[in-house]
Amino acid sequence: MRILVVEDDKDVAGFVVKGLREAGHTIEHVDNGRDGLFLAASENFDAIILDRMLPGGIDGLRLLETLRAQDNATPVLFLSALGQVDDRVKGLKAGGDDYMTKPFAFAELLARVEALARRGKGEGPTTRLMVGDLEMDLLSRGVKRAGQKIDLQPREFRLLEYLMRHAGQVVTRTMLLEGVWDYHFDPQTNVIDVHVSRLRQKIDKPFESTLLHTVRNAGYMLRVEEP
Amino acid sequence: MADLPDSDAPEDRTELAPRPLEAEPVVRRRTVLRSASVRFAVLYGLVFGISTIVLAASLRYTTLGLLSRQTEVAIRADGAGLLNHYRTGGIPGMVLALRNRIRENPDDSAIYLLVDPLGNRVIGNMSGWPQAVKQDNVLYSVPIEHFHKSSAAQLRAYALPDGDQLLVGRDIEMQVKLRRILRDAMIWALAAMVGLGVVGALVVRGLFSRSIGDITTTTRAIARGDLSKRVRRDYTGDEFDIMAETINDMLDRIARLMDGVRQVSNAIAHDLRTPIARARTRLEFAASHSTDADELRIAIERATGELDGVVRVFQALLRIAEIEAGARRSAFAAINLTPVIADLAEFYEAAAEERGITFDASWPDALNMIGDVDMLQQAIANLLDNAIKFAPDGGVVHLAARRDAESIEIHITDNGPGIPEADRTRATERFYRAEAARNTPGTGLGLALVAAIAQLHNGRIRLDDNHPGLRAVLVLPRDNPKPSAKLRERLLSATRRKSVVA
């Protein structure tokens, strides 16, 4: 995927660019708002990682507002040291799709950017999700694996739906917390892991192959195991 | 300072040090004039005095005016009657009428005089024609000799066709006396008013300077850095008392915030240095001692973990500070806590079950209140986190929500080690960690955050003994008016009380 990084801190930028390239993405990097706006407006990107405070007269918020005013809907992830709730709200109101506070874990950034970029593809409304032999019917709210019906609690259903919508991507615990429960705090206990392992009991345990994988130091991924 | 050139030094000194010393006596000399209370009293006295004078003057004018108009009407009617007698009966008829009138004049207030063309008295109760009366048909107010007494009278002259002249009048001595009495009364009233005004001004000033002076000295002491001073209250519930209470509340809050800042900086020194030092040592040791890549990676991962912990502490601290600043009250809305609690119960039930903890939760159908959903969610989550963390494997955790007319109570209990009674008040301070919690992971900020959120909602967190374990009770008022509205309400009720007394 083609990703634009607008970040003036050399160390952070270097680290992000290197990491994203290693993950197989094509990266453009600029270190000020003016160039960032120019590139974002003139070229096509799958996602933009944007710092809030930038040199060059145009800060991240202005850049995004200008971009959105031109009907450019490229998904934007804010990466900022401004971490107060109000800052976050401001960023999302300006048209940001996601907001991360520095310092951050690269795995989290990668997972979120990939999720954003894929969402930007706009697959349109679906009624049916499929991962391997796992099927989910969003209308009848039924789940089957290898033709066998699986009973899920409403919350387990939403958890699985989120994982299936992000199949093949790393999904972090924070992403699950926000996406499935709409919680914006950090639980001290490993509750998310418990919920995931309960789901695993139902969708993986009775079957031969594993779909729901744990990604070390990052989170989870739902994918078909390579044969 | 010693290194400064001589020429600069005096300027500096006049700029900085002696100024207040110079200003102080000036302030004192002009205190009486500049005192708001004196100005207020003088203004009050002036308004009072002017209205009194206006009232008295109008009273005097209408009373005396009425009397003098009545006299004038009587003289006219009298004169017209006598002229009628003249017209029908000539001089003899008139003399007869005059004689009758003089005889029937019981208090000698009516004055009559008829003189012939030579000026000789024909009949009348006056010795001679007064010098002042020169023209006909004009009303004169003149001093006269009447029955050998000096007196005053209103007189009117009529010229008769045969050359005789008639004088008709009324003695107005009573009116003059009344005028004098009214004037004297007004002067005395004015004097009394000035006296009362001065006394009133002094009383008002005393009242003001007692109430405001205390506030001034207190706030001045606070400004100098003595945060322990408080305004003295008289508990009468009047406006001054309410102001004193409000100021004291404000000072309590400032003191709490200052304490918080002090605590936090101390805590940062201790609690953040430790993990940073640990990470640093680990990295340094790994850099100099590691022999293979795996060893190095493990060290780096551990150090990253330590630093993540530091970041978590920072974020929690910033969040508490943000909440305490009250900035988030803008997100307050009418909410129902029931689905929030139900979701959280479902969320944490999984974690409890994992550890074999019996978890049960109960809540009423609706828990409506004014508040910030995200904040309350986090507060309840923190309490549940704690309960599950500290309950022993196979223990018991309860969540129960209740409500009455004014408040909502959320009880969360566990049967873990609890918090010793002596420590419970400190438990909501930042970085407090119970002895029993030393070895569990955590920042020591969870309860502090809950307390901050409770306070944001004008509620509180209560910690009790659960025999064994901890019972944490989050008490939230259902109705959460803005503080200004609360104060306004109290001022209103105070005024209402006063008017009832008055």
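What counts as what
For every chain, the first residue of its written sequence is number 1, and the numbers climb from 1 along that sequence. Chains carry letters from A onward and ligands carry numbers from 1 onward, assigned in written order. Local features in this predicted model are restricted to residues of pLDDT 70 or higher, and side-chain atom pairs are both shown and tallied only at a pLDDT of 80 or more, whereas totals for entire chains, interfaces and linings draw on every residue. The basis for the side-chain values is all heavy atoms of the structure; hydrogens and waters are excluded. Helix and strand assignments follow DSSP, with helices taken as H or I runs no shorter than four residues and strands as E runs no shorter than two, numbered in order from the N terminus. Exposure classes here rest on a 1.4 Å probe applied to the protein chains alone. A residue is buried below 20% of its type maximum, exposed above 50%, and partly exposed in between. Between two residues, a contact is recorded if the distance between any of their heavy atoms is within 4.5 Å. Each accessible area value is a Shrake-Rupley result obtained with a 1.4 Å probe; residue values ignore everything except the protein chains displayed when judging cover. What counts as a salt bridge is simple: a side-chain nitrogen of Lys or Arg found within 4 Å of a carboxyl oxygen of Asp or Glu. Defined here as a combined quantity, buried area equals the accessible surface (1.4 Å probe) lost by two parts on assembly, summed across both. A 3.5 Å cut-off defines polar contacts: any pair of N or O atoms within that distance qualifies, except that in protein one atom must be a possible hydrogen donor and the other a possible acceptor, and neighbouring residues in sequence count only when both atoms are side-chain atoms. Two strands qualify as a pair provided that DSSP identifies no fewer than 2 bridges between them. Here the axes come from fitting lines to C-alpha atoms, over the contacting stretch only for helices, and the angles between their N-to-C directions go from 0 to 180 degrees. Like-charged residues within 9 Å of one another, or nonpolar side chains (Val, Leu, Ile, Met, Phe, Trp, Tyr) within 5 Å, are grouped into patches, provided each residue has over 30% relative accessible area and no salt bridge. His is not counted, nor are the chain ends, whereas Lys and Arg count as positive and Asp and Glu as negative. Charged groups are reduced to one reference atom each: NZ for lysine, CZ for arginine, CG for aspartic acid, CD for glutamic acid. Relevant arc is that of directions from the helix axis to the C-beta atoms, nothing else. These descriptions rest on fixed angle ranges, namely under 35 degrees for roughly parallel, over 145 for roughly antiparallel, 65 to 115 for roughly perpendicular, and the rest for oblique. Polarity classes work like this: nonpolar for Ala, Val, Leu, Ile, Met, Phe, Trp, Tyr, Cys and Pro, charged for Asp, Glu, Lys and Arg, and polar for all others, with Gly in that last group.

Draft legend 1. The arrangement of the overall build of chain B in detail. Within chain B, the secondary structure is distributed over 11 helices and 12 strands. Per-residue burial over chain B gives 36% buried out of 502 residues. Relative to all contacts within chain B whose residues are 6 or more apart in sequence, the contacts with residues 24 or more apart total 62%.

Draft legend 2. Just the overall build of chain A, in detail. Scanning chain A for helices and strands turns up eight helices and 12 strands. Looking at chain A residue by residue over its 227 residues, the buried ones come to 49%. When contacts within chain A are restricted to residue pairs at least 6 apart in sequence, those whose partners lie at least 24 apart make up 57%. For chain A, the exposed area adds up to about 11,200 Å²; of that, 49% sits on carbon and sulfur atoms.

Draft legend 3. Looking closely at the pattern of salt bridges. Residue and element names in this part refer to chain A. The tally for this structure, following the rule as stated, stands at 37 salt bridges over all chains. In this structure, arginine 145 engages aspartate 133 in a salt bridge whose closest nitrogen and oxygen atoms are separated by 2.9 Å. Of this pair, arginine 145 sits in strand S8 (residues 142-145) while aspartate 133 sits in the loop between strand S6 (128-131) and strand S7 (134-137), and the two are 12 residues apart along the sequence. On the basis of relative accessible area, arginine 145 is assigned to the buried category, the value being 1%. Here glutamate 156 makes a salt bridge to lysine 202, at a shortest N to O gap of 2.9 Å. Within this pair, whereas glutamate 156 is found in helix H6 (residues 154-165), its partner lysine 202 is found in helix H8 (residues 191-203), the two being separated by 46 residues in sequence.

Draft legend 4. Representation of the interface of chain B and chain A. Across the boundary between the two partners, chain B contributes 24 residues, which contact 22 residues of chain A. For chain B, the biggest contributors to the area lost against chain A are Glu322, Phe347 and Asp385 of chain B; these three give 26% of the whole. Inspection of the region where chain B meets chain A yields five salt bridges. Residue glutamate 353 of chain B is joined to arginine 198 of chain A by a salt bridge in which the shortest nitrogen-to-oxygen separation is 2.9 Å. For the pair chain B and chain A, the number of links is seven residue pairs in polar contact (both at pLDDT 80 or more).

Draft legend 5. Here's a closer look at the sheet that holds strand S5 (residues 98-101) of chain A. Residues and elements named next belong to chain A. Across the sheet, which stays open at both edges, the five strands sit in the order S2-S1-S3-S4-S5 with parallel pairing between neighbours. Since the sheet does not close on itself, it has two edges, and those belong to strand S2 (26-30) and S5, each with one partner. Across the sheet, the mean angle from the axis of one strand to that of its neighbour is 20°, orientation sign disregarded. Bridge count for strand S1 (residues 2-6) against strand S3 (residues 47-51) is four bridges, and the pairing is parallel. Along S3, the bridge assignment pairs valine 6 with leucine 50.

Draft legend 6. Spotlight on a negative patch on the surface. Together, Asp8, Asp9, Asp11, Asp31 and Asp35 of chain A line one region of the surface with negative charge. Residue position: aspartate 31 of chain A is located in the loop between S2 and helix H2 (33-42).

Draft legend 7. Layout of helix H4 (residues 85-93) of chain A. Of all the residues in H4 of chain A, the buried ones are Val85, Asp87 and Gly91 of chain A. One side of H4 of chain A carries all its buried residues, which in axial view fall inside an arc of 160°. Check the buried side of H4 of chain A and you find it contacts helix H3 (60-69), strand S4 (76-80) and S5 of chain A together with helix H7 (293-324) of chain B. Looking at the residues trailing H4 of chain A, positive phi occurs at glycine 95 of chain A, about 120°.

Draft legend 8. Just the pairing of strand S5 (residues 165-171) of chain B, in detail. All names here are of chain B. Of all the seven residues making up S5, five are buried; the element is thus mostly covered by neighbouring parts of the structure. Taken together, the six bridges between strand S1 (residues 110-115) and S5 define a ladder with antiparallel strand orientation. Within the sheet, the bridge partner assigned to alanine 110 lies in S5 and is arginine 170. In this sheet, S5 lies alongside strand S4 (residues 149-159) in antiparallel orientation, the contact comprising seven bridges. In the strand pairing of S5, glutamine 154 is matched with arginine 170.

Draft legend 9. Geometry of the packing of H6 of chain A against H8 of chain A. Residues and elements named next belong to chain A. The contact between H6 and H8 brings their axes to 10 Å, and the two run at 85°. Of the possible angle classes, the one that applies to H6 and H8 is roughly perpendicular. Counting all contacts with H6, which are made through Glu156, Leu159, Leu160 and Leu163, the residues of H8 involved are His195, Val196, Arg198, Leu199, Lys202 and Ile203. Grouping the amino acids of the contact of H6 with H8 by side-chain chemistry returns six nonpolar, one polar and three charged.

Draft legend 10. View of the sheet that holds strand S9 (residues 148-150) of chain A. All names here are of chain A. Pairing is antiparallel across the open sheet formed by four strands, whose spatial order is S6-S7-S8-S9. Here the strands that pair on one side only, and so sit at the sheet edges, are S6 and S9. For this sheet, the mean angle separating the axes of adjacent strands, direction not counted, is 25°. By the bridge criterion, four bridges tie S6 to S7 in an arrangement that is antiparallel. Within S7, the position partnered with valine 131 by the bridge is leucine 134. Together, S6, S7 and S8 form the strand contacts of H6, whose direction differs from that of S7 by roughly 115°.

Draft legend 11. Just the environment of aspartate 59 of chain A, in detail. All names here are of chain A. Relative to the helices and strands, aspartate 59 is located in the loop between S3 and H3. The partly exposed category is assigned to aspartate 59, whose relative accessible area is 32%. Residues aspartate 59 and glycine 33, 26 residues apart in the sequence, show an inter-C-alpha distance of 5.7 Å. Once residues within four sequence positions are removed from consideration, aspartate 59 is found in contact with Arg52 and Leu54. From its side chain, aspartate 59 meets the backbone nitrogen of arginine 62 in a polar contact 2.9 Å long.

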